[in-house]
Amino acid sequence: MAKNIDRFFAVLLLIGAGGHTFGSFAGYSHQPIVLLWALCASVLAVLLGVINLLRTYRSGDHALAWIAAAGNSSWLVITIVFGILIAKPFDPRVVGFVVIALALIAFSLKGTQDNPAKT
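Quick caveat, the model's predicted, so the values are computed rather than measured. (Residues numbered from 1 in each chain as written. Predicted model: local features only at pLDDT ≥ 70, side-chain atom pairs only at ≥ 80, totals over all residues. Heavy atoms only, no water.)

(A) Structural detail: the overall build of the protein chain. A tally of helices and strands in the protein chain yields four helices and zero strands. Mapped in sequence order, the helices and strands of the protein chain form the string α-α-α-α. In terms of principal-axis extent, the alpha carbons of the protein chain reach across some 55 × 25 × 20 Å. A total of 119 residues make up the protein chain; the buried ones form 35% of that total. Once local pairs closer than 6 in sequence are excluded, the contacts in the protein chain between residues at least 24 apart make up 67%. Accessible surface, the protein chain as shown: approximately 7100 Å² in total, 76% of it carbon and sulfur. Where the 8 positive side-chain charges of the protein chain centre and where its 4 negative ones centre are 2 Å apart. (Helix = DSSP H or I, 4+ residues; strand = E, 2+ residues; numbered from the N terminus. Buried < 20%, exposed > 50% of the residue type's maximum accessible area, 1.4 Å probe, protein only. Contact = heavy atoms within 4.5 Å. Areas by Shrake-Rupley, 256 points an atom, 1.4 Å probe, with all protein chains shown as cover. Lys, Arg positive; Asp, Glu negative; His and termini not counted. Charge placed at Lys NZ, Arg CZ, Asp CG, Glu CD.)

Next comes the structure, spelled out in structure tokens:
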């Protein structure tokens, strides 16, 4: 059950990355430099989503769990700073990504301590 919830949050991050990509094109199509950086954030979200999905299938891989925890923590900081920069820390996009990041951080840290024989 926990693995399914973990995978659900990883898929939510991937869906959020898709939404971020479309929103970036819609909002910044006439600002190529800003669009490039926005798309870089989308790439980061996709990579984190895939790393988290991979982590759910490799329960004994502690290094992968630490990499996921570090990446998710970075995403959390980026999301919070974005909310502060737009002066809307409770914007639904910010809150959604914060919840996803916190859940994935928790699952990743749990994965750093899992005994592969138990999973």
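(B) Local environment of the pattern of salt bridges. One pass over the full model with this rule turns up three salt bridges. With a closest N to O distance of 2.8 Å, R58 and D61 form a salt bridge. Of the residues examined, R58 reaches a relative accessible area of 42% and is grouped as partly exposed. In this structure, the salt-bridge partner of D91 is R93, at a minimum N-O distance of 2.9 Å. (Salt bridge = Lys/Arg side-chain N within 4 Å of Asp/Glu carboxyl O.)

(C) Structural context of the environment of L14. Tracing the backbone through its elements, the reader meets L14 in helix α1 (residues 2-28). The spacing of L14 and V46 is 32 residues in sequence and 5.4 Å in space, taken between C-alpha atoms. L14 has contacts with V46, G49, V50 and L53, leaving out every residue within four places of it along the chain.

(D) A look at the side chain of R55. By secondary structure assignment, the location of R55 is in helix α2 (residues 32-57). Residue R55 is classed as buried on the basis of its relative accessible area, which comes to 5%. Once you skip the residues sitting within four places of it in the chain, R55 turns out to touch D6, L64, A65, A68, L104, F107 and S108.

(E) Focus on the nonpolar core. F9, L13, W75, I100 and L104 are the most contacted members of the largest nonpolar core, which totals 17 residues. Secondary-structure elements contributing two or more residues to this core are α1, α2, α3 (62-85) and α4 (92-111). The dominant element in this core, judged by the number of residues it contributes, is α4, at nine residues. Setting aside anything within four residues of it in sequence, one finds I100 in contact with F9, L12 and L13. (Core = buried A, V, L, I, M, F, W, Y, C linked by side-chain atoms within 4.5 Å.)

(F) Region of the structure containing the packing of α2 against α3. Where α2 meets α3, the closest approach of the two axes is 10 Å, and the angle between their N-to-C directions is 145°. The handedness of the crossing between α2 and α3 is left-handed. Taking contact as the criterion, the partners of A41, L44, A45, L48, I51, N52, L54 and R55 in α2 are, on α3, L64, A65, I67, A68, G71, N72, W75 and I78. When its residues are assigned to classes, the contact of α2 with α3 shows 12 nonpolar, three polar and one charged. (Axes fitted to C-alpha atoms, helices over the stretch in contact; angles between N-to-C directions. Left-handed = near helix turned anticlockwise from the far one by under 90°. Nonpolar A, V, L, I, M, F, W, Y, C, P; charged D, E, K, R; others polar.)

No statement about biological role is implied by the geometric values presented.
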